[in-house]
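# Results of the structural survey
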Amino acid sequence: MDSEKFQCVGAVLHKAGDLRIESVSVREPLEDEVQISIQSVGICGSDVHYWTHGSIGPFIVKDPMILGHESSGMITKLGSKVTSFSIGDRVAIEPGIPCRKCTLCKSGKYNLCHEMQFCATPPIHGSLCSYYNHPADFCYKLPSNVSYDEAAMLEPLSVALHALQRAGLKAGNSVLVCGAGPVGLLNMMTAKASGASFVIVTDISEQRLETARKLGADACISVGKLSAVEVSKLVCEELMKHGLSGDGVDATVECSGASESVRSAIAATKPAGCVVLLGMGAPEVQIPVLDASVREVDIRGVFRYANTYPLALRLVASGKIDVKPLITHRFELKDSLDAFEVTRTMKDGAIKVIIDCSNSAKA
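Below, the structure is looked at part by part. Residue positions are given per chain, counting from 1 as you read along its sequence in written order. In keeping with the predicted nature of the model, local features appear solely for residues at pLDDT of at least 70, side-chain atom pairs appear and are counted solely at 80 or more, and the whole-chain, interface and lining totals rest on all residues. The side-chain values count all of the structure's non-hydrogen atoms but skip hydrogen atoms and water molecules.

## Re empty space enclosed by the protein
In this analysis, the protein atoms alone were mapped onto a 1 Å grid. Cavities are point sets where a 1.4 Å probe fits without being able to get out; pockets are open sets with protein on both sides within 12 Å along at least five of seven lines; lining residues have an atom within 4 Å of a point. Grid points are joined across faces, edges and corners, and a volume is the space filled by probe spheres set on the points. Under the criterion given, the structure shown has one cavity of 30 Å³ or more. In this structure, the largest cavity occupies an estimated 30 Å³ of space. Residue polarity is assigned by list, with Asp, Glu, Lys and Arg as charged and Ala, Val, Leu, Ile, Met, Phe, Trp, Tyr, Cys and Pro as nonpolar; anything else, Gly included, falls into the polar class. For the lining of the largest cavity, a count of residues per class yields four nonpolar, two polar and two charged.

Dropping the structure here:
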């Protein structure tokens, strides 16, 4: 009923380049939902891409859409059938809502559900607003030592966890992470926390490589305009320098999406190793298929994540992974345009930008 709705404030994308902070309507939560006062929202590269281009692949912004999917907040209302939470509970929000009924969902691969409704993927609204409804079974109660900002970081951390699970990472493995953006850095940190013996990070930015060093990377390589063969040679030299096999790394996570980086990932991976393609680049990339084939290098795709939020939360709560150093900038909801611009330009060493929605009252 319209009388049960109220207005709050949200960051609404109308079309490419047209992001507005405006009043949005919030309905009562459904029987299986909770209503959440959003506190912290991280800006993802996909949010910026929708803002600048109006689309990602087949997902096109045709109607006004609230952005944001890396979110946390406090429960303010309960649906009639929700018994697992109480008003006032602090929660992290897993942003993808699958059908729960198809073969993929039932096999645990709900991230691939054809009916997936994912926050801020057209036409589904995101959660960069002051109030938001979400199914209770995709919310996770926070322990007292995990902040709202850290809880928002569980989303990109889940991406890293799923990528490394797809890579088949084992304790003692060597790992190459291509790209030192937020997700690349989280892959490096997660690999270290998971027992990787040696982690190498590549990037074209010296500033980001320095951040990777400070956060625990064992070696960093500035790739610039180097060819795949040249990058592979440098990776193998780093391995041998530390007493490891010069055949290449056990697993590579490619986080940039750049064509040459994908080729470097394959070249630098040892025979029978695994390359995971996490970065979203061009729809088609020329790769050395024969080289990968004769060396039995597995090439695996990765899309979002499934069943990772509980583990991500435990890793942060236990201190095994400290996401706080990645949070470099914070803005209020009313200043979202500035926050998006800082994220786009990586101004002042920006890694992860968080938008604080806690001071945004009902409109």
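More follows now that the structure is in view.
## Quick word on the packing of aromatic side chains
A pair of aromatic rings is counted whenever rings of Phe, Tyr or Trp (Trp by its six-membered ring) have centres within 6.5 Å, and the orientation is called stacked for planes under 30 degrees apart, edge-to-face for over 60 and tilted otherwise. Scanning all chains against the criterion turns up five aromatic pairs. Residues Tyr-110 and Phe-138 carry aromatic rings whose centres are separated by 5.7 Å and whose planes lie at 75° to one another, so their mutual orientation is edge-to-face. Of this pair, Tyr-110 sits in the loop between helix H2 (103-106) and strand S10 (117-118) while Phe-138 sits in the loop between strand S11 (131-135) and strand S12 (139-141); the two residues are 28 residues apart in sequence, bridging distant segments of the chain. There is no split in this pair, since Tyr-110 and Phe-138 are both buried. Ring centres of Tyr-305 and Tyr-309 lie 5.9 Å apart, and the angle between their planes is 50°; this geometry places the pair in the tilted category. For every residue, the accessible area obtained with a 1.4 Å probe (protein chains only) is divided by the maximum for its type, and the residue is called buried under 20%, exposed over 50%, and partly exposed between those limits. You can call Tyr-309 buried: its relative accessible area is 1%. Taken together, the ring pairs in this structure connect Tyr-140, Tyr-305 and Tyr-309 into an aromatic cluster. Consider the ring centre and the ring normal. A charge sits over the ring if Lys NZ or Arg CZ is within 6 Å of that centre and within 35 degrees of that normal. The side chain of Arg-90 reaches across the aromatic face of Tyr-148, ending 4.8 Å from its centre. Note that Arg-304 overlies the ring of Phe-118, its terminal NZ or CZ placed 3.8 Å from the centroid. In this description a helix means any DSSP run of H or I spanning at least four residues, a strand means any run of E spanning at least two, and both kinds are numbered starting from the N terminus.

## Overview of helix H10 (residues 309-318)
Where H10 is concerned, the buried positions are Tyr-309, Ala-312, Leu-313, Leu-315 and Val-316. Considered in projection along H10, the buried side chains sweep an arc of 160° and stay on one side of the axis. Gly-319 sits one or two residues past H10 and shows a positive phi near 85°. The directions from the helix axis to the C-beta atoms are what the arc is built from.

## A look at the pairing of strand S7 (residues 70-78)
Sheet topology note: the strand S3 (residues 33-42)/S7 ladder contains eight bridges and is antiparallel. Opposite Val-34, over in S7, you have Leu-78 as the bridge partner. At least two bridges found by DSSP between two strands are what make those strands a pair. Looking at chain direction, S7 and strand S8 (residues 90-93) are connected through four bridges and run antiparallel. Each bridged residue has a counterpart across the sheet, and for Gly-73 the counterpart in S8 is Val-91.

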